[in-house]
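Chain and residue survey
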Amino acid sequence: MLEERQMDFATLREFSELAVDLDGIADYHLILGELLRMHGEPGLARTEFQKATLLDPENARTLVFIANLALEEGNTKRSIQFFDQALELDGQNAFAYHNLSVAFDLSRRFQEGD
């Protein structure tokens, strides 16, 4: 899963103000979504990830970020689905493989009651 990192709010605000110039670029929405996630705004992060997906539906990285968010929210079944979709698009995505194994492990633990 992604590490917890923080950025000061002024930088986050400045980055979000770039939307006027970068709104049609999927990677902008992906980065903004991750920054919002790191600042405890999963709903806003999800919205940005969805925008990135609409702009570039063949981008496996976006699906990995959505899957990570689902995993953090405790929705292992949904995260596994997104990791699988990411791997269908990019079978070489090491992050998707690693985090998929984490999701399967968590799913197993939930089923076993650990």
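The sections below set out a description of the structure shown in this document.

1. With respect to helix 5 (residues 60-72)
- Compared with the 18 Å implied by 1.5 Å per residue over 13 residues, the 19 Å span of helix 5 between its first and last C-alpha is a close match.
- Along helix 5, 10 of the 13 residues are buried, which leaves the element largely enclosed by surrounding structure.
- All of the buried residues along helix 5 are Ala60, Thr62, Leu63, Val64, Ile66, Ala67, Asn68, Leu69, Ala70 and Leu71.
- The N-cap of helix 5, judged by a side-chain oxygen 2.9 Å from the amide nitrogen of Arg61 a few residues on, is Asn59.

2. Let's talk about the pattern of salt bridges
- One pass over the structure, following the stated rule, counts 6 salt bridges.
- Glu72 serves as the salt-bridge partner of Arg37, at 2.8 Å between the closest nitrogen and oxygen. Within this pair, whereas Arg37 is found in helix 3 (residues 26-38), its partner Glu72 is found in helix 5, the two being separated by 35 residues in sequence.
- Looking at Arg37, the relative accessible area reads 5%, which means it is buried.
- Its salt-bridge partner being Arg46, residue Glu73 comes within 2.5 Å of it at the nearest N-O pair. Separated by 27 residues along the polypeptide, Glu73 in the loop between helix 5 and helix 6 (76-89) and Arg46 in helix 4 (residues 42-55) bring together distant segments of the chain.

Definitions and limits used
- Residues numbered from 1 in each chain as written.
- Predicted model: local features only at pLDDT ≥ 70, side-chain atom pairs only at ≥ 80, totals over all residues.
- Heavy atoms only, no water.
- Helix = DSSP H or I, 4+ residues; strand = E, 2+ residues; numbered from the N terminus.
- Expected span 1.5 Å × (residues − 1).
- Buried < 20%, exposed > 50% of the residue type's maximum accessible area, 1.4 Å probe, protein only.
- Polar contact = N/O pair within 3.5 Å; in protein donor to acceptor, adjacent residues only side chain to side chain.
- Salt bridge = Lys/Arg side-chain N within 4 Å of Asp/Glu carboxyl O.

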